[in-house]
Amino acid sequence: METKILDGKIVAQKIKDELKVKTHQLKEAKGIIPGLALLLVGNNPASMVYVNGKAKACEEIGFNSIMKEMPESVTEQEVLDIIEKWNNDDSINGILVQLPLPKHISENKVLLSIKPSKDVDGFHPENVGRLVAGLPGFVSCTPAGIIEIMKHYDINPSGKNVVVIGRSNIVGKPMLNLLYQKREFSNATVTICHTGTKNLHYYTQNADIVIAAMGFPQFLKAEHLKEGAIVIDVGINRIEDSTKKSGYRLVGDVDYQGVFQKCSAITPVPGGVGPLTIAMLMSNTYLSANGDIY
Ligand code: GUN
């Protein structure tokens, strides 16, 4: 059986195209232009690429965006002050603080300071709690995007065994919390595995769908999988590659070449899950501007 490549670029573009139309309508009908504020602290090269991608997507769809860049040496209070300003600015519907932050700034404190109704990343405990309780709220963009890929390719997790590897607040935990909900395109039996898991194979070999989000390059091998499993690779890792001009290339958390023949479908890296993170951020910002959630 041929392995299906799950193309995230197509799904993301479809979502952004729909948002562009709806944004135009929102402006015509209510005079509202969604606004996203982006905060980048320091000069982590990957973070710079991500934040620029988010600003570019705003422009493409017709949102307003502002980007604030602060040096690595900024104080926690200065970060809290800018968020306070954005919390009180009616032209801003979404606030995004790119993570990670420098060590001397408490991520928890910063994320807690974002007004839940503008928390388009879905990281505030209010939105995390709403997700767990099955209430409307902002859902973390990468896991929400994975559900969109599944919908597009008609991969319904209902009744399936899904193994999520990785328990981060950004991907693993919200992915788990989305997948077991008693609703459409959910309703799965979900197991979450992590560095404390003994005998990972035991779980993954029984999985219909494996979601790899642990941040170890090319970790998931063919021997972990059952024949015909569906593999979602959330990893984005830079590894050295002297044949590239940049000196590196991007690989996922899955040994793509090694597992390809064994699985029935797989997301590539790049071009799989990655593009959905930005598309869902745009979707959350639109929902915020339209007052759909709060
Ligand atoms: N760092 C890695 N992923 C993300 C994300 O989805 N949002 C933010 N704000 N920071 C990140």
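Nothing here was measured: the structure is a model prediction, and the numbers come from that model.

## Let's talk about the packing of aromatic side chains
1) Next: Applying the stated criterion to the full structure yields four aromatic pairs.
2) Next: Arranged with centres 6.0 Å apart and planes meeting at 40°, the rings of F216 and F219 form a pair that is tilted.

## Quick look at the state of the cysteines
1) Next: Across all of its chains, the model carries zero disulfides by this definition.
2) Next: In this structure C58 is a free cysteine whose sulfur lies 12 Å from that of C141, the closest cysteine sulfur available.
3) Next: This cysteine, C193, is not joined by any disulfide, and C263 carries the nearest cysteine sulfur, 18 Å off.

## So, helix α5 (residues 125-133)
1) Next: For α5, the set of buried residues is N127, R130 and L131. All buried residues of α5 project into a common sector of 100° when viewed along the axis, lining one side.
2) Next: Against the buried residues of α5 lie α7 (172-179).
3) Next: One or two steps after α5, the chain reaches G134, where phi turns positive at roughly 75°.

## Some remarks on the site of the ligand
1) Next: Taken together, the residues surrounding the ligand are K54, L96, V97, Q98, L99, D121, F123 and T277.
2) Next: Residue V97 places a main-chain N or O atom 2.8 Å away from a nitrogen atom belonging to the ligand.
3) Next: One of the backbone nitrogen or oxygen atoms of L99 is found 3.0 Å away from a nitrogen atom of the ligand.
4) Next: Isolated, the ligand exposes 280 Å² of accessible area, and the fraction of that covered by the protein chains is 83%.
5) Next: Split into classes, the residues belonging to the shell around the ligand amount to four nonpolar, two polar and two charged.

## Comments concerning the packing of helix α1 (residues 8-30) against helix α10 (residues 274-289)
1) Next: Packing of α1 against α10 brings their axes to within 9 Å, and their N-to-C directions diverge by 20°. The pairing of α1 with α10 is recorded here as roughly parallel in orientation. Of the two elements, α1 crosses α10, and the hand of that crossing is left-handed. Along its contact with α1, which presents G8, K9, V11, A12, I15, K16, L19, K22, T23 and L26, the element α10 presents P275, L276, A279, M280, M282, S283, Y286 and A289.

## Things to note about the nonpolar core
Soluble globular proteins tend to bury their nonpolar side chains together.
1) Next: If you look at the biggest cluster of nonpolar residues, it comprises 55 residues, and the most contacted ones within it are L179, I211, I232 and M282.
2) Next: Apart from the residues within four sequence positions on either side, L179 is in contact with I147, P157, V162, V164, S186, N187, A188, V190 and I211.
3) Next: One finds L80, I83, L99 and L111 within the second-largest nonpolar core, a separate group that totals 20 residues.

## Comments concerning the side chain of T267
1) Next: Mapped onto the elements, T267 comes out in the loop between β11 (265-266) and α10.
2) Next: Under the relative-accessibility criterion, T267 is labelled buried at 0%.
3) Next: Polar contacts involving the side chain of T267 include one to the main-chain amide nitrogen of D233, which spans 2.8 Å.
4) Next: When sequence neighbours within four positions are dropped, the list of residues in contact with T267 reads L6, I149, V231, I232, D233, Y256, G272 and V273.

## Quick notes on unusual backbone geometry
1) Next: Across the junction of L99 and P100, the peptide omega takes the value 0°, indicating a cis bond.
2) Next: Tracing the sequence through the fold places P100 in the loop between β4 (94-97) and α4 (107-113).
3) Next: Across the junction of V269 and P270, the peptide omega takes the value -5°, indicating a cis bond.
4) Next: Among the structural elements, P270 can be located in the loop between β11 and α10.
5) Next: At N187, a position not held by glycine, the phi torsion is positive, near 60°.
6) Next: Tracing the backbone through its elements, the reader meets N187 in the loop between α7 and β6 (189-193).
7) Next: Phi at N199 is positive, roughly 60°, even though this residue is not glycine.
8) Next: Within the secondary structure, N199 is located in the loop between β6 and α8 (200-204).

Here is what the cut-offs are and how they apply
Residues numbered from 1 in each chain as written. Predicted model: local features only at pLDDT ≥ 70, side-chain atom pairs only at ≥ 80, totals over all residues. Heavy atoms only, no water. Phe/Tyr/Trp six-rings, centres within 6.5 Å; stacked < 30°, edge-to-face > 60°. Disulfide = S-S within 2.5 Å. Buried < 20%, exposed > 50% of the residue type's maximum accessible area, 1.4 Å probe, protein only. Helix = DSSP H or I, 4+ residues; strand = E, 2+ residues; numbered from the N terminus. Arc of directions from axis to C-beta. Contact = heavy atoms within 4.5 Å. Near = heavy atom within 4 Å. Polar contact = N/O pair within 3.5 Å; in protein donor to acceptor, adjacent residues only side chain to side chain. Areas by Shrake-Rupley, 256 points an atom, 1.4 Å probe, with all protein chains shown as cover. Nonpolar A, V, L, I, M, F, W, Y, C, P; charged D, E, K, R; others polar. Axes fitted to C-alpha atoms, helices over the stretch in contact; angles between N-to-C directions. Parallel < 35°, antiparallel > 145°, perpendicular 65-115°, else oblique. Left-handed = near helix turned anticlockwise from the far one by under 90°. Core = buried A, V, L, I, M, F, W, Y, C linked by side-chain atoms within 4.5 Å.

Any functional reading would require information that these geometric values do not contain.
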